Amino acid sequence: MLDESAELSVSITQIVQRLKGTHLHSQLEKQAKECLHKPEIKLETLKDDVRRLLKASGMTCLPPPRHPRAPPEHTKEPLAYMRKAQVNWEKRILKSLNSMCTELGIPLARKRPVPEQNELTNKWNEMGTDEPGNIETQSPCFHSDMLKVLVGLKNPNNERSEDLTVRSHWGLIQVSLNVRDIPQTVSPPFFISLPSIFLIEHDSAAAQQYSRQGCPTGLRAQLWSLILNTTDDPEAITHYEQLKARVIHHDLLVDNLIYKDVKLTASNDDYYFVFEDYLYQVLLCFSRDTAVLEHFNYNCATPPKSCIQSKSGSEQCAVVYPPNGVIPFHGFSMYVAPLCFLYNEPSKLYSVFREMYIRYFFRLHSVSSHPSGIVSLCLQFERLLQTHLPQLFYHLREIGAQPLRIAFKWIVRAFSGYLSTDQLLLLWDRILGYDSLEIVAVLAAAVFAFRAENLMEVTSLASAEAVLADLSTLKVMPLLQIFLFATSV
């Protein structure tokens, strides 16, 4: 029988996720903050007080469920074949990590000697000048392996279904999901003026609505913080300092993956190399943050675990490793890098990145049927091209240049590292504004449409990749507008 408190926790988390970004959530949050300043409200007894109040009001009497409750993992991901694919993907990543641990002779975790702790403390703001950790560590292969998993997805119930049209076999993704053609995520928003008003009133729902038309450069940092409900309060700063202390006291194997990834990606990027120190600080702290585990309440993935000796040494116990449940992969640092342009205070930068990750970015490396999940985004991209540019899609397929093999790296990074930073931030404005990653798939299709004339002349995958190699000069909103206008005619 399922633990009722665990089931309740999952339900509450899912309800909160659905409420986020709505006007009701904004009002509830505002009322909660006001209540915290009342002397009769005490945080240490708040949970019991709420229960007592609900019981007194009779609101705890709920009607019995009509049907047996589904297990939490079924609620998080209803499709069994998706759950199975995610489990196999996790096993593959864990096997890679364990092999690395064995081959290099590096423990998963160790306590740093005091001299090493002091050295790291002194160099905390200058880690980019060093070659810390084992820089020869091989990061678990990600892009190509992840794409193979998605291409291999098959719904056993649809193998002989008549729903699979001839056109659906053109693409790499062979599962049937409900993805939108031209999603509402890029429909013209109604105009809201004077963003300073809702900054003063701390109205996150209004800020989210405003960001659909793009945030002013000078106000973007404040607006994003308001939408994500991140604060500069002492608790957030203290939490960051505690994470920093954990980094200084213990060395993890995944730290080497972080160092290697930053060196191979952001450090070689013309826009982001200057933020190398910030990236180390944020990502090392992120790996120790057990608060990140909460997102597994609505993420179909399962945090990896490792066995350690108990303090008595008599038995082994399983613990989540790394502590945040997320094994970094090649390109992971590019989720943080663009945010460095907005926040120069590490604790604030950290809070915003963590919230961006647990709301959006985790979906880009988890196998699920969610509309903003990587499977749906890839399928949506292919269907957009098949529907609106069928000749181009067919031509590329015939020469062995499947469009998704080129666009996958853009989608899985939400275009970070491919667009110029100002254009990327305009794209991410819309992700926050519409609370969806679907616009990433639409932009990927728009890029192919923009370069369609050149792509129709290519004769190989290599030449197609060359045509689409440099996206740094593209302008996001004109590109989207041209594509949407052309497909709506």
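Above this text is the structure in question.
Attention here is on the structure that accompanies the text. As the structure is a computational prediction, the values presented were derived from the model and not from experiment. (Residues numbered from 1 in each chain as written. Predicted model: local features only at pLDDT ≥ 70, side-chain atom pairs only at ≥ 80, totals over all residues. Heavy atoms only, no water.)

Our next topic: the overall build of the chain. Along the backbone of the chain there are 22 helices and 4 strands. Burial statistics for the chain: of 489 residues in total, 50% are counted as buried. Counted over contacts in the chain with a minimum sequence separation of 6, partners at least 24 positions apart contribute 77%. Here the chain has roughly 24600 Å² of accessible surface; of this, 56% comes from carbon and sulfur atoms. (Helix = DSSP H or I, 4+ residues; strand = E, 2+ residues; numbered from the N terminus. Buried < 20%, exposed > 50% of the residue type's maximum accessible area, 1.4 Å probe, protein only. Contact = heavy atoms within 4.5 Å. Areas by Shrake-Rupley, 256 points an atom, 1.4 Å probe, with all protein chains shown as cover.)

It is worth spelling out unusual backbone geometry at this point. Keep in mind that most residues, glycine aside, have a negative phi and that most peptide bonds are trans. The omega torsion of the bond from Tyr-321 to Pro-322 falls at -10°, within 30 degrees of zero and hence cis. With a phi angle near 50°, Asp-435 is a residue other than glycine that sits in the positive phi range. Along the polypeptide, Asp-435 turns up in the loop between helix H18 (421-434) and helix H19 (438-450).

Before going further, it helps to examine the pattern of salt bridges. Counted under the stated rule, the structure contains 14 salt bridges. Here Arg-288 and Asp-255 are joined by a salt bridge, their closest N and O atoms 2.6 Å apart. Remark: Asp-255 occurs in helix H12 (residues 253-264) and Arg-288 occurs in the loop between helix H13 (276-287) and strand E3 (305-309); sequence separation between them is 33 residues. Of the two residues, Arg-288 and Asp-255, both sit in the buried class. What emerges from the salt-bridge pattern is a single network uniting Arg-110, Arg-112, Glu-116, Asp-251, Asp-255 and Arg-288. (Salt bridge = Lys/Arg side-chain N within 4 Å of Asp/Glu carboxyl O.)

What follows is about the side chain of Glu-438. Of note, Glu-438 is situated in helix H19. Polar side-chain contacts of Glu-438 include one of 2.4 Å to the side chain of Arg-180. (Polar contact = N/O pair within 3.5 Å; in protein donor to acceptor, adjacent residues only side chain to side chain.)

What follows concerns helix H15 (residues 374-388). Counted at 1.5 Å a residue, the expected span for H15 with its 15 residues is 21 Å, and the 21 Å between its end C-alpha atoms agrees. Taking burial as the measure, the 15 residues of H15 include 12 buried ones, the bulk of the element. Of the positions making up H15, those classed as buried are Ile-374, Val-375, Ser-376, Leu-377, Cys-378, Leu-379, Gln-380, Phe-381, Glu-382, Leu-384, Leu-385 and Gln-386. Those residues of H15 hidden inside the fold are in contact with helix H5 (80-104), helix H7 (143-151), helix H16 (390-398), helix H17 (403-412) and H19. (Expected span 1.5 Å × (residues − 1).)

According to the stated counting rule, one finds 22 aromatic pairs in the structure shown. Pairing Trp-170 with Phe-393 gives two aromatic rings, centres 6.2 Å apart and planes at 25°, and the pair type is stacked. Here Phe-393 lies in helix H16 and Trp-170 lies in the loop between H7 and helix H8 (195-201), a separation of 223 residues in the sequence. Residue Trp-170 shares its accessibility class with Phe-393, and that shared class is buried. Arranged with centres 6.2 Å apart and planes meeting at 50°, the rings of Tyr-271 and Tyr-272 form a pair that is tilted. (Phe/Tyr/Trp six-rings, centres within 6.5 Å; stacked < 30°, edge-to-face > 60°.)

Bringing the environment of Tyr-343 into the picture now. Structurally, Tyr-343 can be placed in the loop between strand E4 (316-320) and helix H14 (346-359). Tyr-343 gets classed as buried once you look at its relative accessible area, which sits at 5%. A sequence separation of 121 residues divides Tyr-343 from Gln-222, and the C-alpha atoms of the two residues are 9.6 Å apart. Contacts of Tyr-343, omitting those with residues within four sequence positions, involve Arg-220, Ala-221, Trp-224, Ser-225, Tyr-278, Lys-348, Leu-349 and Val-352. In this structure the side chain of Tyr-343 is engaged in a polar contact, spanning 2.8 Å, whose partner is the backbone oxygen of Ala-221. Reaching out from Tyr-343, the side chain makes a polar contact with the side chain of Ser-225 at a distance of 3.3 Å.

Another point: the nonpolar core. Residues Phe-353, Trp-410, Phe-415 and Phe-448 are the most contacted members of the largest nonpolar core, which totals 135 residues. In terms of residue count, H19 provides more of this core than any other element does, 10 residues in total. Setting aside its immediate chain neighbours within four residues, Phe-353 contacts Val-282, Leu-283, Phe-286, Phe-332, Tyr-335, Val-336, Leu-339 and Phe-361. (Core = buried A, V, L, I, M, F, W, Y, C linked by side-chain atoms within 4.5 Å.)

This part takes up the environment of Tyr-280. Position of Tyr-280 relative to the elements: it lies in helix H13. Using a relative accessible area of 0% as the deciding quantity, one classes Tyr-280 as buried. With 152 residues separating them in the primary sequence, Tyr-280 and Gly-128 have C-alpha atoms 7.8 Å apart. Once residues lying within four places of it in the same chain are set aside, the contact partners of Tyr-280 are Met-127, Gly-128, Ile-258, Tyr-259, Val-262 and Lys-263.

The next subject is the packing of helix H11 (residues 234-249) against H13. Their axes nearest at 9 Å, the elements H11 and H13 cross at an angle of 90°. For the element pair H11 / H13, the angle class is roughly perpendicular. For the pair H11 and H13, the contacting residues are Tyr-240, Leu-243, Lys-244 and Val-247 in the first and Gln-281, Leu-284 and Cys-285 in the second. Class assignment for the residues of the contact of H11 with H13 results in 5 nonpolar, 1 polar and 1 charged. (Axes fitted to C-alpha atoms, helices over the stretch in contact; angles between N-to-C directions. Parallel < 35°, antiparallel > 145°, perpendicular 65-115°, else oblique. Nonpolar A, V, L, I, M, F, W, Y, C, P; charged D, E, K, R; others polar.)

Let us now look at the packing of H12 against H13. Packing of H12 against H13 leaves a shortest axis separation of 10 Å and a crossing angle of 150°. One finds that H12 runs roughly antiparallel with respect to H13. Like other packed secondary-structure pairs, H12 and H13 cross with a definite hand, here right-handed. Judged by residue contacts, Val-254, Asp-255, Ile-258, Tyr-259, Val-262 and Lys-263 of H12 engage Glu-276, Leu-279, Tyr-280, Leu-283, Leu-284 and Ser-287 from H13. (Left-handed = near helix turned anticlockwise from the far one by under 90°.)

Attention shifts here to the side chain of Glu-276. The topology assignment puts Glu-276 in helix H13. Relative accessible area serves as the criterion here: at 13%, Glu-276 is assigned to the buried category. Within the local environment of Glu-276, its side chain forms a polar contact with the side chain of Lys-263, the two groups lying 2.8 Å apart. Apart from residues lying up to four places away in sequence, Glu-276 is in contact with Gly-128, Val-262, Lys-263 and Ser-267.

Now for H14. For H14, spanning 14 residues, the distance from its first C-alpha to its last is 20 Å, which sits close to the expected 20 Å at 1.5 Å a residue. Within H14, 13 of the 14 residues are buried, which leaves it mostly tucked inside the rest of the structure.

Looking at where Leu-443 falls in the secondary structure, it is placed in helix H19. Counting along the chain gives 36 residues from Leu-443 to Leu-479, while the straight-line C-alpha distance between them is 7.6 Å. Ignoring anything within four residues of it in the chain, the contact list for Leu-443 reads Phe-415, Leu-419, Leu-427, Val-476, Leu-479 and Leu-480.

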